[in-house]
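Chains, contacts and geometry: an overview
One letter stands for each residue in the lines below.
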Amino acid sequence: MVEIELDGQKVEVAPGCMVMHAAEKVGTYIPHFCYHKKLSIAANCRMCLVEVEKAPKPMPACATPVTQGMVVRTNSEKAIQAQKSVMEFLLINHPLDCPICDQGGECQLQDLAVGYGGTSSRYEEEKRVVFHKDVGPLISMEEMSRCIHCTRCVRFGQEVAGVMELGMIHRGEHSEITTVTGNTVDSELSGNMIDLCPVGALTSKPFRYSARTWELSRRKSVSPHDSTGANLVVQVKNHKVMRVLPFENEEVNECWIADRDRFSYESLNSDQRLTSPMIKQGGAWKEVDWQTALEYVANGLKNIKAQHGAQAIGALVSPHSTVEEIYLTKELVRGLGSSNIDYRLRSADFSVSTGTRWLGRSVASLSTLQSVLVVGSNLRKDHPLFAQRIRQAARKGCVVTAIDSVVRDWALPVAQTLIAAPQQWFQALSDVAAAVAQQKGIEAPNVQGQAGEVATAIATALLAGEHKAVLLGNAAAHHAQASSLLALAGWIADQTGATVGYLTEAANTVGAQWMKAVPGENGLNAAQMLEGRLKAALLLHTEPVFDSAAGVKAATALAGVDMVVTLSPFKANMEFSDVLLPIAPFSETSGTFVNAEGRVQSFHAVVRPLGDTRPGWKVLRVLANLLDVAGINFQTSQEVLEKATHAPQGGRMEFVPAAELSNRSKVLAAVGAPSTTDPVVASIYQLDGMVRRSPSLQLTMDARLASTGVQA
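Residues numbered from 1 in each chain as written. Predicted model: local features only at pLDDT ≥ 70, side-chain atom pairs only at ≥ 80, totals over all residues. Heavy atoms only, no water.

**As for the overall build of the protein chain**
- Helix and strand counts for the protein chain stand at 23 helices and 27 strands.
- For the protein chain, the C-alpha atoms occupy an extent of roughly 90 × 70 × 50 Å along the three principal directions.
- Counting all 712 residues of the protein chain, 60% fall into the buried class.
- Counting contacts in the protein chain only where the partners sit at least 6 residues apart, residues at least 24 apart contribute 70% of the total.
- Charge-centre separation for the protein chain: the mean point of 66 positive side chains lies 1 Å from the mean point of 71 negative side chains. (Helix = DSSP H or I, 4+ residues; strand = E, 2+ residues; numbered from the N terminus. Buried < 20%, exposed > 50% of the residue type's maximum accessible area, 1.4 Å probe, protein only. Contact = heavy atoms within 4.5 Å. Lys, Arg positive; Asp, Glu negative; His and termini not counted. Charge placed at Lys NZ, Arg CZ, Asp CG, Glu CD.)

Here you go:
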């Protein structure tokens, strides 16, 4: 450790640290603009100038390495005067438009100008003007004259998002930030540039001019989309969600969120929201009160059970539903005497697993991997924040390899990609297994593999280093031979000292498995139920046409079912449903999601329910009571969670118990004939009902490509 003196206080920091890091350690604030703890050091704003003893001039704290015995003064007359001089230069060309700036009230430049700016300007020349740029539906660059050239957005693109979409052109006072690779900013993490911008140059286009920051209340929540479980700050005005920002959690999402986490809130306020229960009568939809709707559903289910037996009733639940909703749906169906419930809507392999499938390691540990094999995943689009972590690992030397049907652009260096059609993925993994066996001098598993050049390179990478993983993506999870792929991946992981796990698709895929939302003995799986084998179907947060492997065939099959009840925040499934029950999205209900690493994260409602919308767990509880299902008398979602997870009263679990997590599969063979169709995987902005109904997300390049059948 190196000891320095900072404002008269002794500080010990590691060699190679900067003065800024030492100041952070003892809680001393040094004004800055270009410095950010997650980005490389640029030292181009000069706002962090401090006095260093024996140095002839003030030094930038962010770029001055500590040395033994260094004496630093951050608030001496020399340091303060240097900082004031820098502020004067920064304000020379900055427009005086704070009252109309969207960043007003949360602007770093505005805040520091109060402390370091002058009361008047000595600059009398004409200010420069930078013309606005249209870079897509998410980021507004309408006021680029405000830019102070901190280059945070440029460095974010290069280092975190992996794509340098913005760059600086020209020199001196003619410098400006503009797009360098195209006309728009298309990264799936682009919204983080808005948070990074210390002035009003980059702002949120959907949020623009809709509210002032001091008018907003801030509430914590959890993302309802992919399996990262990103922590959010939801900002609210007049019981309406106005903006979503990241809540920093180093163990989960660091200080970033994906664009679908940030902008999907638009759907919460859209005209597609379902606000009253509806019943279809004579082919026409009619709004009714809750009592009428619930009694109609209860009586219908009782009649169908009496006429056709309990096994004629089934439930399809979305893995984007909360733990509480999934548990109560399972208890409702089982209480009626049926064993038909499934969350595996896009799957083709319905083998019963021995435990809850998960990531196999912590989310944070992805950043420290030295070698990783990714099977069947469009990593960058399916899991943007996992890709970001692996990108950081790759920058430190991690060897990334893949097995996929095409070479994909993950915005990170991929050493080897073993190209094979999905039907040949088991064979491709067998080749890697054969190469591992050959290099270790052991017997290969009982499969026919050939150690080709690419397979050998992948095996070599997995055998090197200490921190290694074999990760199965959404396409591998939905594959017709998913169990066989997992078993073979597990064998490879065992022999190479790697972990094996699923990236997992949705916000609560792990939670749905944990709640055992799968068919019981002689029960129908999702594919069978979507063939129309039921007489009554409950659809929880799901739209089978978009969310299932059956696609449009599901609509035809469900149209022949006697009673289809849709529980959704949106006007969904109207062509084949008989009843629509408006249940709350994540922003209007309390609940719990379990992310890929098995982390149990509960959240509260941030706004009151819209119209006659009710929390899903409450609707299911009342329905269960009407159907005389025993043991469903919960008063709060916390009580449901305690019962579902066997947590102590008033307590909560932070993680799924390790004993219940398992990625073991005994099927070490290509079971069943390979499917003739490719695994069904949702594109980045078609994952769930919320992102599908976000206008801004649907205008992005990724969404437009997906609409033409292309996935980037």
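Let us keep going from here.
**Some details on unusual backbone geometry**
- Positive phi, normally seen in glycine, also occurs at histidine 149, with a value near 60 degrees.
- Locating histidine 149 in the fold gives a position in the loop between strand 7 (139-141) and helix 4 (152-161).
- Overall, the relative accessible area of 16% leaves histidine 149 in the buried class.
- Positive phi outside glycine occurs at histidine 541, with the angle close to 55 degrees.
- Residue placement: histidine 541 occurs in the loop between strand 23 (536-540) and helix 17 (544-547).

**Digging into the pattern of salt bridges**
- Evaluated as defined, the whole model comprises 31 salt bridges.
- The partner of lysine 38 in a salt bridge is glutamate 254, with the nearest N and O atoms 2.8 Å apart. Here lysine 38 is found in the loop between helix 1 (19-25) and strand 3 (49-52), whereas its partner glutamate 254 is found in the loop between strand 13 (240-246) and helix 6 (259-263), with 216 residues between them in sequence.
- Using a relative accessible area of 24% as the deciding quantity, one classes lysine 38 as partly exposed.
- By relative accessible area, which is 8% here, glutamate 254 ends up buried.
- Here arginine 260 ties to aspartate 226 by a salt bridge, and the two come within 3.1 Å at their closest N and O atoms. One end of the pair, arginine 260, is in helix 6; the other, aspartate 226, is in the loop between strand 11 (217-222) and strand 12 (231-237), and 34 residues separate them in sequence.
- Its relative accessible area of 2% is what places arginine 260 among the buried residues.
- Its relative accessible area of 1% is what places aspartate 226 among the buried residues.
- What emerges from the salt-bridge pattern is a single network uniting Arg346, Glu505, Glu543, Asp547, Arg692 and Arg693. (Salt bridge = Lys/Arg side-chain N within 4 Å of Asp/Glu carboxyl O.)

**A short note on the pairing of strand 14 (residues 278-281)**
- Alignment of strand 14 against strand 15 (residues 284-287), held across four bridges, turns out to be antiparallel. Looking across to strand 15, one finds that isoleucine 279 is bridged to lysine 286.
- Hairpin connection of strand 14 to strand 15: two residues between the antiparallel strands, including glycine 282 at a positive phi of 65 degrees.
- The sheet contact formed by strand 14 and strand 25 (residues 579-582) spans two bridges and is antiparallel. Bridge pairing in strand 25 links methionine 278 to leucine 580. (Pairing = 2+ DSSP bridges.)

**Quick notes on the sheet that holds strand 10 (residues 203-204)**
- Pairing in this open sheet of three strands is antiparallel, and the strands run 6-7-10 from one edge to the other. In this open sheet, the two strands that pair with only one neighbour each are strand 6 (133-134) and strand 10.
- As paired strands, strand 7 and strand 10 are joined by two bridges and run antiparallel to one another. Residue pairing in the sheet places serine 140 in a bridge with threonine 203 of strand 10.

**Describing the UniProt feature "domain: 4Fe-4S Mo/W bis-MGD-type" (unreviewed entry) in the protein chain**
- Taking the numbering used here, the UniProt-annotated feature "domain: 4Fe-4S Mo/W bis-MGD-type" (unreviewed entry) corresponds to residues 216-272.
- Annotated as 9% helix and 35% strand, the span residues 216-272 places its first and last C-alpha atoms 24 Å apart. (UniProt positions renumbered as here; feature names shortened; annotations may be inferred.)

**Some thoughts on the packing of aromatic side chains**
- What the rule picks out here adds up to two aromatic pairs.
- With centroids separated by 5.0 Å and ring planes inclined at 35 degrees, the aromatic side chains of phenylalanine 593 and phenylalanine 603 adopt a geometry described as tilted. Here the residue phenylalanine 593 occupies a position in strand 26 (residues 591-594), and phenylalanine 603 occupies one in strand 27 (residues 600-603), the gap between them amounting to ten residues. The two residues phenylalanine 593 and phenylalanine 603 agree in class, both being buried.
- Here arginine 243 stacks its cationic end above the ring of phenylalanine 207, 4.4 Å away from the centre of that ring. (Phe/Tyr/Trp six-rings, centres within 6.5 Å; stacked < 30°, edge-to-face > 60°. Lys NZ or Arg CZ within 6 Å of the ring centre and 35° of its normal.)

**Quick look at a negative patch on the surface**
- On the surface, Glu287, Asp289, Glu295 and Asp612 cluster together into a negatively charged patch.
- Note on placement: aspartate 612 falls in the loop between strand 27 and helix 19 (616-626).
- Judged by relative accessible area, aspartate 612 falls into the partly exposed class, the value being 35%. (Patch = residues over 30% accessible without salt bridge, like charges linked within 9 Å, V, L, I, M, F, W, Y side chains within 5 Å. Areas by Shrake-Rupley, 256 points an atom, 1.4 Å probe, with all protein chains shown as cover.)

**A word on the side chain of arginine 693**
- Tracing the backbone through its elements, the reader meets arginine 693 in the loop between helix 21 (689-692) and helix 22 (695-698).
- Residue contacts for arginine 693: discarding those within four places in its chain leaves Ser267, Gln272, Glu543, Phe570, Lys571 and Ala572.

**Some details on empty space enclosed by the protein**
- Counting across every chain of the model gives nine cavities of 30 Å³ or more.
- One number sums up the size of the largest cavity: a volume of about 250 Å³.
- Lining the largest cavity are 22 residues; nearest its centre among them are His320, His541, Pro569, Asp688 and Met690.
- The residue makeup of the lining of the largest cavity, split by class, is nine nonpolar, nine polar and four charged. (1 Å grid on protein atoms, 1.4 Å probe; cavity = no way out; pocket = protein on both sides within 12 Å on 5 of 7 lines; lining within 4 Å. Points joined across faces, edges and corners; volume = space filled by probe spheres on them. Nonpolar A, V, L, I, M, F, W, Y, C, P; charged D, E, K, R; others polar.)

**Observations concerning the packing of helix 8 (residues 323-335) against helix 20 (residues 637-645)**
- Contact pair helix 8 / helix 20: the axes reach a minimum separation of 9 Å and the direction vectors enclose 65 degrees. As summarised for this structure, helix 8 and helix 20 are arranged roughly perpendicular, according to the angle between their axes. As helix 8 runs across helix 20, the sense of the crossing is left-handed. Taken together, the residues of helix 20 that come into contact with helix 8 (itself represented by Val323, Glu324, Tyr327 and Leu328) are Ser637, Val640, Leu641, Lys643 and Ala644.
- Looking at the contact of helix 8 with helix 20 residue by residue, the class counts come to six nonpolar, one polar and two charged. (Axes fitted to C-alpha atoms, helices over the stretch in contact; angles between N-to-C directions. Parallel < 35°, antiparallel > 145°, perpendicular 65-115°, else oblique. Left-handed = near helix turned anticlockwise from the far one by under 90°.)

**Here's the deal with the environment of serine 590**
- When you line up the elements, serine 590 lands in the loop between strand 25 and strand 26.
- Taking C-alpha positions, serine 590 is 9.1 Å from tryptophan 617, a pair spaced 27 residues apart along the chain.
- Not counting residues up to four positions away in its chain, the partners in contact with serine 590 are Phe603, His604, Ala605, Trp617 and Ser637.
- Within polar-contact distance, the side chain of serine 590 engages the side chain of serine 637 at 2.7 Å. (Polar contact = N/O pair within 3.5 Å; in protein donor to acceptor, adjacent residues only side chain to side chain.)

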